[in-house]
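# Observations on the model geometry
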Amino acid sequence: MCLGVPMQVVEAGEWVAQCDVEGTRRQVSLALVGPQPAGAWLLVLKDTAREVLDADEAGRISLALKGIAAALHGETDLSAYFGDLGTAPPRAPEH
Amino acid sequence: MASRPDPSPCRSNAAHPTAVQAATGTSLPVQPPPDTALRVQIAFAASRDTHPGKWLRGATPDDAMARIGLAYSICRHAQQAAAQRAMEAAGHASADPDGSRTVRRLRSEWLREHACNLMLAWPARLGQRQEPSLVRAIMQAGDDPTAIQTTLSEVLQHTALGMSPATFLALDARGLEHWCDNAPTPSAARFRAWRHGPACSSELPMLPKLQDWTAGSAAMLAECMRNDHGFCMQPHWHGQAVETGVWPRRHGHPLLRAWVQISGNDAAARMLGRLVELAEAATGALQEPALRTWTLGADTGMAAVETARGPLLHRVQLRDGHVEDYRVLAPTEWNFHAHGVLAQVAGCVERRLADTAVQDWALALDPCATCSVEVGDA
């Protein structure tokens, strides 16, 4: 469901890059974003880089995806994962 | 507003004895007709069920919007537009700072996804070189409609059509066949390759166009989304598996009617629908994405945004200004229903052609996540 995954370029190539995601290597197409240096962050869907991300945004998206996983495992305090705006303190569910 | 509907319609009246199975984990068994000797398994690379209620509950509407944008990053504009309108329908007073810009961004996402399917996924499926220039052009044009129209017109003509988009859209059946046979583009060659494919058309009903949904149907969908968690993974329309996306939107277009005469209601027809919508965008003729909202009760709202793959639904219930319940129904779930298009294709194609046919249709339905399809004997 439109879940892009941030991945970091480990080995750069002209058309594909070897990227790291959570310690796993994936080959990612660079057809849409062009050559990227090692260390660059990419937003990847279906093994194709859709966008180049800055490290901050890559971190926020990665943390959000971890927050989803945490929620699916039963965690209820997700404030550490989503970096909420803090417009109001989250209301904890009653149960 | 329609009276509260009977929740029993949330249960599918699937024609086959096998009950509809909600997708759990990453695998989805497709249910061909019972007399079919095939087994079809679809595996998505990641779980489809993101359970948004679990990570949005308790958040303020603004924080929920931000979380949704991070989680559903690829189609963040459509997802946040649906979220915002659902919240507004639920009574949260938030102003879209620039509603027209939202629509332009939705359009840009839509065109990008069509281009990715036609120019990246399709050649990859056929072992051909991908053609990223159209996708890059759309991405570089951003949400500027003039830039999109100009760049689309030029790039489509040179990379996909071999003629102007306006000329392409005006082709009759004979002209379409001629284009297929003679246009010097890889796209035309792919249509040539898929024309007269395995004799298997889709007879599945279509999800009605978003603009045509009645308040009663929307209310029933909302009840099903709220009462049956599995419904968002295996949705049905009044008990029927249906197809959504480009085919229900465009099946009446003259070019698609012509293609059906030439090749049948096949996978290639869906690819042609995408090409038609890109060509229409290049001529300024593509309609704006449909957006609908419904207030379902105190603090409860639903919104639907038409995307490239079909309508995206968000349903939210607020309590004391925070999210109490949240449901998302993505268009891919309609198309990958256990009794949906792929089940029908598996049920009508010759065994020796089944693997190719089902994989081709899976591409044509354009799932929003990596999926692999396995066809075997039952």
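Structural data are supplied above this passage.
This text gives an overview of the structure that appears in the document. (Residues numbered from 1 in each chain as written. Chains lettered and ligands numbered in written order. Predicted model: local features only at pLDDT ≥ 70, side-chain atom pairs only at ≥ 80, totals over all residues. Heavy atoms only, no water.)

### Observations regarding the packing of helix 8 (residues 173-182) of chain B against helix 12 (residues 254-263) of chain B
Residues and elements named next belong to chain B.
- Contact geometry for helix 8 and helix 12: axes closest at 9 Å, N-to-C directions at 70°. By the criterion of interaxial angle, the relationship of helix 8 to helix 12 is roughly perpendicular. When helix 8 is examined against helix 12, the residues Ala 173, Leu 176, Glu 177 and Cys 180 are found in contact with a partner set consisting of Leu 255, Ala 258, Trp 259, Gln 261 and Ile 262.
- When the residues that make up the contact of helix 8 with helix 12 are grouped by side-chain class, the tally is seven nonpolar, one polar and one charged. (Axes fitted to C-alpha atoms, helices over the stretch in contact; angles between N-to-C directions. Helix = DSSP H or I, 4+ residues; strand = E, 2+ residues; numbered from the N terminus. Parallel < 35°, antiparallel > 145°, perpendicular 65-115°, else oblique. Contact = heavy atoms within 4.5 Å. Nonpolar A, V, L, I, M, F, W, Y, C, P; charged D, E, K, R; others polar.)

### Digging into the state of the cysteines
- If you walk through the whole model with that rule in mind, you get zero disulfides over all chains.
- Cys 19 of chain A carries a free sulfur, and the closest cysteine sulfur to it, the one in Cys 116 of chain B, is 17 Å from it.
- Judged by its relative accessible area of 0%, Cys 19 of chain A is buried. (Disulfide = S-S within 2.5 Å. Buried < 20%, exposed > 50% of the residue type's maximum accessible area, 1.4 Å probe, protein only.)

### Topic: the interface of chain A and chain B
- On the chain B side, the residues contacting the 33 residues of chain A number 42 residues.
- A buried area of about 3500 Å², summed over both sides, lies between chain A and chain B, and 58% of it is on carbon and sulfur atoms.
- Across the chain A-chain B interface, the total number found is three salt bridges.
- Residue Glu 51 of chain A pairs with Arg 76 of chain B through a salt bridge whose shortest N-O separation is 3.1 Å.
- Elements with a contribution of two residues or more to the side of chain A that touches chain B: strand 4 (41-45), strand 5 (48-53) and helix 1 (55-72) of chain A.
- The greatest single-element share of the side of chain A that touches chain B, amounting to seven residues, is contributed by helix 1 of chain A.
- Class assignment of the residues belonging to the side of chain A that touches chain B gives a composition of 20 nonpolar, six polar and seven charged. (Buried area = accessible area lost by both parts, 1.4 Å probe. Salt bridge = Lys/Arg side-chain N within 4 Å of Asp/Glu carboxyl O.)

### Considering the packing of aromatic side chains
- By the definition in use, this model includes nine aromatic pairs over all chains.
- Ring geometry for Phe 82 of chain A and Trp 55 of chain B: centres 5.9 Å apart, planes at 15°, overall stacked. You can see Phe 82 of chain A sitting in helix 2 (residues 79-82) and its partner Trp 55 of chain B sitting in helix 1 (residues 52-56), one on each of two chains. Each member of the pair Phe 82 of chain A and Trp 55 of chain B is classed as buried.
- Arranged with centres 5.7 Å apart and planes meeting at 65°, the rings of Trp 55 of chain B and Tyr 72 of chain B form a pair that is edge-to-face. With Trp 55 of chain B in helix 1 and Tyr 72 of chain B in the loop between helix 2 (61-71) and helix 3 (76-89), the pair connects residues that are 17 residues apart, well separated along the chain.
- Counting every residue linked through ring pairs, the aromatic cluster contains Trp 122, Phe 168, Trp 179, Phe 191, Trp 194 and Trp 259 of chain B.
- Between Arg 107 of chain B and the ring centre of Trp 110 of chain B, over which it is positioned, the NZ or CZ distance is 5.8 Å. (Phe/Tyr/Trp six-rings, centres within 6.5 Å; stacked < 30°, edge-to-face > 60°. Lys NZ or Arg CZ within 6 Å of the ring centre and 35° of its normal.)

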